[in-house]
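# Architecture at a glance
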Amino acid sequence: MTRELRLAVLGDSLAAGTGAPRPGDGLGPRLADGLAAGGAPTALRVLAVPGAVTRDLGPQVAAACAWPADVALLVVGGNDLVHGAPVEESVAHLERAVADLRAAGADVLVVPVPDLSVVVHVPPPLRPVVRAAAAALRAAQAAAVLRSGGRTVEPSAATTARFAAEPDLFSADRFHPSGAGYGVLAGELLPALAAVVRRRPGTTRAGPGD
């Protein structure tokens, strides 16, 4: 009997599911359920820590490697942007995290920093600046992930526009996604995650597209 796929979710509050009304409404549980529904029974460990910046990934990575995880999903970068962490520093820590996970045998999928200009707390005059800063960090993250053997996936422009236009996709704090928001994000990310799972040796089914 084939054992369950081991999925570790690392990163910050988005990865941890902050804002979801119930634990099962967060990103990790939704993705694990989606993989299972596609024929890949999945054991999930959410190792993410709300408030984490990229330099904080070390203990999470160590826990994922010790398990060991088959697939690691990293959602990180938002707090780096909010706190003004140097791009070079953030990218170096991300590259190390992905390399360590890959060396431990995990496939790695990274969700780079989102476009935080859609958050209601950002004053309209500052939104172009925030959008540009997020885009610059996202591009640097993508290059680092590819160098270290991982893959990236990010919400589409249409999904970003939905978050800008639909207040109910945010939780009461107006920063983190609501249960509905996590549903939208999971639906966007699941095909890419399923594709990573399908590439693993011995995996025949995993989510949409099968």
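Located above this text is the structure these notes cover.
Let us look at the structure shown here. Keep in mind that this is a model prediction, so the values were computed, not measured.

### Looking at the pattern of salt bridges
Under the defined criterion, the tally for this structure stands at 11 salt bridges. In this structure, Asp25 engages Arg30 in a salt bridge whose closest nitrogen and oxygen atoms are separated by 3.7 Å. With a closest N to O distance of 3.7 Å, Asp70 and Arg200 form a salt bridge. Taken together, the residues span a long stretch of sequence, with Asp70 in the loop between helix H3 (57-66) and strand E3 (71-75) and Arg200 in the segment after helix H8 (179-199) at a distance of 130 residues. Note on Asp70: relative accessible area 9%, which makes it buried. The exposure class assigned to Arg200 is buried, which follows from its relative accessible area of 18%. Connected through shared salt-bridge partners, Asp70, Arg102, Asp107 and Arg200 make up one network.

### Some remarks on the packing of helix H5 (residues 87-103) against helix H6 (residues 127-147)
In contact at an axis separation of 9 Å, H5 and H6 are set at 30° when each is read in the N-to-C sense. Classed by the angle they form, the pair H5 and H6 counts as roughly parallel. Viewed along their axes, H5 and H6 form a crossing whose handedness is right-handed. Mapping the contact onto sequence places Val87, Ser90, Val91, Leu94, Glu95 and Val98 in H5 and Leu137, Ala140, Gln141, Ala144, Val145 and Arg147 in H6. Of the residues contributing to the contact of H5 with H6, the split by class is eight nonpolar, two polar and two charged.

### Digging into unusual backbone geometry
That bond from Trp67 to Pro68 is cis: its omega, 0°, falls within 30 degrees of zero. Among the secondary structure elements, Pro68 is positioned in the loop between H3 and E3. In this model, Arg174 sits at a positive phi of 65°, which is unusual for a non-glycine residue.

The rules we used
Residues numbered from 1 in each chain as written. Predicted model: local features only at pLDDT ≥ 70, side-chain atom pairs only at ≥ 80, totals over all residues. Heavy atoms only, no water. Salt bridge = Lys/Arg side-chain N within 4 Å of Asp/Glu carboxyl O. Helix = DSSP H or I, 4+ residues; strand = E, 2+ residues; numbered from the N terminus. Buried < 20%, exposed > 50% of the residue type's maximum accessible area, 1.4 Å probe, protein only. Axes fitted to C-alpha atoms, helices over the stretch in contact; angles between N-to-C directions. Parallel < 35°, antiparallel > 145°, perpendicular 65-115°, else oblique. Left-handed = near helix turned anticlockwise from the far one by under 90°. Contact = heavy atoms within 4.5 Å. Nonpolar A, V, L, I, M, F, W, Y, C, P; charged D, E, K, R; others polar.

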